[in-house]
Every structure is written in structure tokens, then in C-alpha cells.
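Results of the structural survey
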Amino acid sequence: MSAAVPVDVWVGLGANLGEREQALHEALQAMARWPDTRLVNVSALYASAPIDAGGPDYLNAVALLRTMLPALEVLQRLQSIEQGAGRERPYRNAPRTLDLDILRYGNAELDTPTLTVPHPRMAERAFVLRPLAEVSPTLVSEAALQAVADQRIERLPKAWTADLLSKK
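Here's what I pulled together on the structure shown here.

**Notes on the overall build of the protein**
- Within the protein, the secondary structure is distributed over 5 helices and 8 strands.
- Starting at the N terminus and walking to the C terminus, you meet the elements of the protein as β-α-β-β-β-α-β-β-β-α-α-β-α.
- Across the 168 residues of the protein, 45% fall into the buried class.
- Contacts in the protein between residues at least 24 apart in sequence constitute 72% of all its contacts with a sequence separation of at least 6.
- Accessible surface, the protein as shown: approximately 8600 Å² in total, 50% of it carbon and sulfur.

**Quick notes on unusual backbone geometry**
- The omega torsion across valine 117 and proline 118 is -5 degrees, close enough to zero to call that bond cis.
- Along the chain, the position of proline 118 falls in the loop between strand S7 (116–117) and helix H3 (126–135).
- The residue aspartate 36 is not glycine, and still its phi comes out positive at about 55 degrees.
- Within the element layout of this structure, aspartate 36 appears in the loop between helix H1 (20–32) and strand S2 (37–42).

**With respect to the nonpolar core**
- Core analysis: the largest hydrophobic core is formed by 35 residues, its most contacted members being Leu13, Leu28, Met31, Leu100 and Ile102.
- At the level of elements, strand S1 (7–15), H1, S2, strand S4 (58–67), helix H2 (71–84) and strand S5 (99–105) are the ones that each hand at least two residues to this core.
- Among the elements that take part in this core, H1 stands out by supplying 7 residues, more than any other.
- Setting aside residues no more than four positions away along its own chain, leucine 100 makes contact with Val11, Gly12, Leu13, Ala27, Met31, Leu78, Ile81 and Glu82.

**Some details on H1**
- In this model H1 runs 19 Å from its N-terminal to its C-terminal C-alpha over 13 residues, within 8% of the 18 Å that 1.5 Å per residue would give.
- Taken as a whole, H1 has its buried residues at Ala23, Leu24, His25, Ala27, Leu28, Ala30, Met31 and Ala32.

**Side note on the environment of histidine 119**
- You can see histidine 119 is positioned in the loop between S7 and H3.
- You can call histidine 119 buried: its relative accessible area is 11%.
- Separated by 18 residues in the primary sequence, histidine 119 and aspartate 101 place their C-alpha atoms 7.8 Å from one another.
- Excluding its chain neighbours within four sequence positions, the residues that come into contact with histidine 119 are Asp101, Ile102, Leu103 and Arg125.

**Side note on the packing of aromatic side chains**
- Applying the stated rule across the entire model yields 0 aromatic pairs.
- Seen from the ring of tryptophan 10, arginine 104 lies directly overhead, with NZ or CZ sitting 5.9 Å from the centre.

**Topic: the pattern of salt bridges**
- What the rule picks out here adds up to 4 salt bridges.
- A salt bridge links arginine 66 to aspartate 8, with the nearest nitrogen and oxygen atoms 2.6 Å apart. On the criterion of sequence distance, the pair formed by arginine 66 in strand S4 and aspartate 8 in strand S1 is long-range, its members being 58 residues apart.
- For arginine 66, a relative accessible area of 30% translates into the label partly exposed.
- Judged by its relative accessible area of 22%, aspartate 8 is partly exposed.

Each value, and the rule that gives it
- Residues numbered from 1 in each chain as written.
- Predicted model: local features only at pLDDT ≥ 70, side-chain atom pairs only at ≥ 80, totals over all residues.
- Heavy atoms only, no water.
- Helix = DSSP H or I, 4+ residues; strand = E, 2+ residues; numbered from the N terminus.
- Buried < 20%, exposed > 50% of the residue type's maximum accessible area, 1.4 Å probe, protein only.
- Contact = heavy atoms within 4.5 Å.
- Areas by Shrake-Rupley, 256 points an atom, 1.4 Å probe, with all protein chains shown as cover.
- Core = buried A, V, L, I, M, F, W, Y, C linked by side-chain atoms within 4.5 Å.
- Expected span 1.5 Å × (residues − 1).
- Phe/Tyr/Trp six-rings, centres within 6.5 Å; stacked < 30°, edge-to-face > 60°.
- Lys NZ or Arg CZ within 6 Å of the ring centre and 35° of its normal.
- Salt bridge = Lys/Arg side-chain N within 4 Å of Asp/Glu carboxyl O.

Now the structure itself:
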């Protein structure tokens, strides 16, 4: 069952193991191939320290999709992409080859055993808020950005997605 009208979906992308940038790029390519879905915008890459975890720095970004797919199907497709990238879940906050999270699904508020949107911890994470503000500035207040200003994060050049966005 599809959404009745296209829905904007914001997806957080992260990786801190393996070929991080390649994994994020391939995830975006996969999302852009979904039926009834268009990749609208993607933030620059951000390098950030892991939060509540060890391991190397993450590369993070936020993508804006417009889709007719229902929220739970988006989640299932994201999890399939993660598995294809070798994602393992040995323990909470373990380092990962790929992490894809639905941050927002339109204006929906969902709280199910498998999906909660808006994402319950996004307001605590600079690696979500900074790229989200870049993609959709009206979704992130200055106060929210100030609340995470003490977290180490660095914006990297944006050229990494030019090939994906130029096709649309």
C-alpha cells in the first residue's frame, strides 16, 4: 500500500567502518532506485566522533527523499541496504559499516515497536542536526544547533553527491 500523496522523508546516513564514503554513496544510489521515489537533496558529508561508543570517526549525511512508499516499507528497504553493506548489530552503538535512520516521515508521528518518527534522539546529535539544517533549514532551530555545539563535527566538501542529484 502506497502513500496517497508523495511524502518527504529525511534519512540520516552514517558509517565508521570500511570504505565509509563509498558505503554512503551506494546507499544513496540504492534509495534513488526505489519505485515512486526521488532523491531531492543530500547534505555535505560531516565527520564526527562516535557518541556513546568507541571506534573511528563517522561520516554522516542527511538525504531528503520524496516517495509514495509507506513508512514501514521505507524502513524495511533501509534495513535491506544496511544488510547488503555488511551491517552487524553485535551490541548497542557498535561501530558499523552503514547506519540508515528515518529521521522524519513527512509530519507523521509514529511510535511502533519497529519505528519511531520523528527519530527520538535526533535533537541530541550534531551529526544529525547540522546536515538536516543544511538540507531543510526550517526543520532545525538555532537553539537546537546551539544545544549540540559542544559535539565535535566537521563539514567536508559537498562534491560527493553531484552525480546523483544532477540526474533528477
